[in-house]
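Descriptive analysis of the structure
Spelled out, the chains give:
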Amino acid sequence: MQSSKGRPHRAGAGQESSVERLGGHAPDPAEEAARLRYDDPWYDALASGWGESEGAGAPAPVTVPRAREAAEGGVAAAEVYLEVQRSAAFQEVRRRYRRFVVPAFAAFFAWYVGYVVAATTAPELMARPVAGAVNVALLAGLGQFLTTFLLTWAYARHARLRRDRAALELRWDTQELTRGANGGAS
């Protein structure tokens, strides 16, 4: 019988410990890690060294980008973000967002609280039949789901028509400014 790591089990002994395998000596963690076999299909093959080019031998040195500080004569990236935040275009995007979200939240929250209050304080109203076994409470509950979907659709539409283009332009401008602040390196 094979374990999930590809090592055979001893009959009746259960899982063997690393101390038993090595005759009572504590294993070296590096040797133990090198001996493990990963059968997990989600295991990152490049992290284990499997998909690397054959002729390279040693891994290529990793170049760590320099910190985003002020370049020669340039401004720091943090200054760029603060400048964009203070800009009229950014304030317009935020204003459009708030002009939709605040009233929509207030209306939906009032509708939800009204439903809960009516269900607890006016059970005779909520129990009033509308058609057969369908009563006011059931219709109001289904109305909660319907308004949730409608509000989600309206939010996505509003974002697409009124904010996305302006936000994308802001992001593009911000990236261009930070690229200039970092001396041309991104």
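Refer to the structure printed above.
1. As for the packing of aromatic side chains
- With the rule as written, the count across this model stands at two aromatic pairs.
- Between Phe 105 and Phe 109, the aromatic rings sit 5.5 Å apart at their centres with planes inclined by 15 degrees, giving stacked as the arrangement. Here Phe 105 pairs with Phe 109, and both are found in helix H5 (residues 88-121), just four residues apart, close to one helical turn.
- Given a relative accessible area of 55%, Phe 105 falls into the exposed group.
- A relative accessible area of 45% means that Phe 109 is categorised as partly exposed.

2. As for a positive patch on the surface
- Residues Arg 99, Arg 157, Arg 160 and Arg 162 make up a contiguous surface patch of positive charge.
- Ranked by residues supplied to the positive patch, first place goes to helix H7 (residues 136-181) with three residues.
- Mapped onto the elements of the fold, Arg 160 is located in helix H7.
- Look at Arg 160 and you get exposed, because its relative accessible area is 52%.

Rules used throughout
Residues numbered from 1 in each chain as written. Predicted model: local features only at pLDDT ≥ 70, side-chain atom pairs only at ≥ 80, totals over all residues. Heavy atoms only, no water. Phe/Tyr/Trp six-rings, centres within 6.5 Å; stacked < 30°, edge-to-face > 60°. Helix = DSSP H or I, 4+ residues; strand = E, 2+ residues; numbered from the N terminus. Buried < 20%, exposed > 50% of the residue type's maximum accessible area, 1.4 Å probe, protein only. Patch = residues over 30% accessible without salt bridge, like charges linked within 9 Å, V, L, I, M, F, W, Y side chains within 5 Å. Areas by Shrake-Rupley, 256 points an atom, 1.4 Å probe, with all protein chains shown as cover. Salt bridge = Lys/Arg side-chain N within 4 Å of Asp/Glu carboxyl O. Lys, Arg positive; Asp, Glu negative; His and termini not counted. Charge placed at Lys NZ, Arg CZ, Asp CG, Glu CD.

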